[in-house]
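# Remarks on the overall topology
Letter by letter, the chains look like this.
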Amino acid sequence: MMLKLGLALVAVVLLLAACSSGADDPQPAQERSAAATVVQDQQEQSATSYTAGESESVQDDAESQESAQAAQTDQSEQATADADDSAAAQQSEAQEQSTEASTEDAPPAQQEQPVEDEPEQQAMVGQIIESGHRAGLLANRNIVGDLDAPIVITEYADFL
Amino acid sequence: MIEELVRTGLVRFEYIYILNHGLPSELGALATECGGDQGHWWDFHDHFMTSWDFSRDGAVAFAASLSLDTEQFAQCLDNQTHLEAVENQHRAAAEAGFSRTPTVRINGNGGAIVADALIEQVMELAAQLQEEEG
């Protein structure tokens, strides 16, 4: 009887270990499957060892296996639920981070600013002189002519 | 003639203030900048190149003759709105060694003061650039 309790305890411990590690593991299903295999192997070994001449023991073992399997199922469901909760939490967190990042990277006011400044920037590039001997030339204050012109004449002068 | 070169797209012309004569130089530069606020920088440039009236009232009268907003112009002039920009131009030019007036540079190299010689330099440089591109 003590052996059966021991086996059940080992099975529960292994299942708990498998479930707890599965929460952090990206492949919890594989982990649970491996743990279940280990438990099943141990149970099979135990059953093989104690089958001879002890049918009561075998029946008790079978009950123990059922109990262990039920415990495993419960643990698996709990682990799955925990994993789902964890995934949902991670997804929610990721969405929040994404929202925060987009907010930090491009504040709405700064995004709208260049659009509003475009006409001013265009005006600052230059305007066409309307009269005089420079009529028709593009000018921006002290600069007259094409900004891409290959030759630049600079005059340093005083009006006096 | 320089304007004709500019018109071809071959040349860009820039004018840099040198303030070698104190307040009159400063007033001329400030008035020109205030005229530039209303799109008439070159009108004031030409005005001060040919007129020797460097008074506030004279500048305001010229602004009125151009049908500018004289109130805005006078406010700009009285507040010395563009003083820092004008002084920065003068300071940068002086630091670069171009405080003698007039000084002409063509693509950063020495340029002739006399118009015909300057045009000849520009044409030579243009031919040189065409050869390099060709």
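The residue numbers shown here count from 1 along each chain, following its written sequence. Whichever chain is written first becomes A and whichever ligand is written first becomes 1, with later ones labelled in order. Under the rules for a predicted model, residues below a pLDDT of 70 receive no local features and side-chain atom pairs below 80 are neither given nor counted, while totals for whole chains, interfaces and linings still include all residues.

Another aspect to go through is the pairing of strand β2 (residues 103-106) of chain B. Two strands are said to pair when DSSP picks up at least two bridges between them. Working definition: helices are DSSP H or I runs of at least four residues, strands are E runs of at least two. Numbering for both runs from the N terminus. Bridge analysis of strand β4 (residues 151-157) of chain A against β2(B) gives four bridges, and the strand direction is antiparallel. Bridging across to β2(B), E155(A) finds its partner in V104(B). As paired strands, β2(B) and strand β3 (residues 109-110) of chain B are joined by two bridges and run antiparallel to one another. Note on β3(B): the bridge partner recorded for I106(B) is N109(B). Count of turn residues in the β2(B)/β3(B) antiparallel hairpin: two residues, of which N107(B) carries a positive phi of about 50 degrees.

Bringing the nonpolar core into the picture now. Core analysis: the largest hydrophobic core is formed by 35 residues, its most contacted members being V11(B), L30(B), A31(B) and L77(B). Elements represented by at least two residues in this core include exactly β4 of chain A together with α1 (2-7), β1 (11-17), α2 (22-37), α3 (41-50), α4 (56-65), α5 (70-78) and α6 (83-95) of chain B. Looking at this core, the element that brings in the most residues is α2(B), giving five residues. Contacts are defined on C-beta atoms placed from the backbone: any two residues whose C-beta positions lie within 7 Å are in contact. When residues no more than four places from it in sequence are discounted, the contact partners of L77(B) are L30(B), A31(B), C34(B), R56(B) and A59(B). Residues of type Ala, Val, Leu, Ile, Met, Phe, Trp, Tyr and Cys that are buried and joined through C-beta atoms within 7 Å form what is called a nonpolar core. Think of it as a crowd count around each C-beta: if 20 or more other C-beta atoms lie within 10 Å the residue is buried, if 12 or fewer it is exposed, and in between it is partly exposed, with C-beta placed from the backbone throughout.

The next subject is the interface of chain B and chain A. Facing the 41 residues of chain B at the interface are 26 residues of chain A. Looking at the side of chain B that touches chain A, the elements that each hand over two or more residues are α1, β1, α2, α3, β2 and α7 (115-133) of chain B. Asp, Glu, Lys and Arg are counted as charged, while Ala, Val, Leu, Ile, Met, Phe, Trp, Tyr, Cys and Pro are counted as nonpolar; the rest, among them Gly, fall into the polar class. Broken down by class, the residue content of the side of chain B that touches chain A amounts to 23 nonpolar, 11 polar and seven charged.

Residue and element names in this part refer to chain B. Direction vectors running N to C along α2 and α6 enclose 120 degrees, while the axes themselves pass 10 Å from each other. In this view, α2 runs oblique relative to α6, as classed from their interaxial angle. Judged by the sense of rotation from one axis to the other, the crossing of α2 with α6 is right-handed. Between α2 and α6, the residues in contact are E26, A29, L30 and E33 and L83, A85 and V86, respectively. For the contact of α2 with α6, the class distribution of residues is five nonpolar, no polar and two charged. Axis definition: a line fitted to C-alpha atoms, over the contacting stretch in the case of helices. Angles run 0 to 180 degrees between N-to-C directions. For classification purposes, angles smaller than 35 degrees are called roughly parallel, those larger than 145 roughly antiparallel, those between 65 and 115 roughly perpendicular, and all remaining angles oblique. Crossing chirality is assigned from the near helix's rotation relative to the far helix, an anticlockwise turn below a right angle marking it left-handed and a clockwise turn marking it right-handed.

Here we take up unusual backbone geometry. Residues and elements named next belong to chain B. The omega torsion of the bond from T101 to P102 falls at -10 degrees, within 30 degrees of zero and hence cis. The topology assignment puts P102 in the loop between α6 and β2. Positive phi, close to 60 degrees, is recorded for S67, a residue that is not glycine. Look at Q80: it is not a glycine, yet its phi comes out positive at around 50 degrees. Within the element layout of this structure, Q80 appears in the loop between α5 and α6.

Attention shifts here to the confidence of the model for chain A. Residue and element names in this part refer to chain A. Of all residues in chain A, 22% attain a pLDDT of 70 or more, and the chain-wide mean is 58. Put simply, helix α2 (residues 28-50) is where chain A has its lowest mean pLDDT, 41, and β4 is where it has its highest, 97. Confidence drops under pLDDT 50 across residues 21-62; counting only partners more than four residues distant or on other chains, this segment forms 40 contacts. A score from 0 to 100, pLDDT tells how confident the predictor is in each residue.

Now for α2(B). The span you would expect from a helix comes to 1.5 Å times its residue count less one. End to end, α2(B) covers 23 Å across 16 residues, agreeing with the expected 22 Å (1.5 Å per residue, within 8%). Where the residues of α2(B) are buried, they touch β1, α3, α4, α5 and α6 of chain B.

Okay, the packing of α2(B) against α5(B) next. All names here are of chain B. For the pair α2 and α5, interaxial distance at closest approach is 9 Å and the crossing angle is 140 degrees. When the axis of α2 is compared with that of α5, the two are oblique. Relative to α5, the crossing made by α2 is right-handed. Residues L30, A31, C34 and D37 of α2 lie in contact with α5, whose contacting residues are F73, C76 and L77. Each residue belonging to the contact of α2 with α5 can be placed in one class, and the counts come to six nonpolar, no polar and one charged.

Attention shifts here to the pairing of β1(B). Along β1(B), five of the seven residues are buried, which leaves the element largely enclosed by surrounding structure. Of the strand pairs in this sheet, strand β3 (residues 143-145) of chain A and β1(B) are connected by three bridges, and their pairing is antiparallel. Within β1(B), the residue paired with I143(A) across the bridge is E14(B). As paired strands, β4(A) and β1(B) are joined by seven bridges and run parallel to one another.

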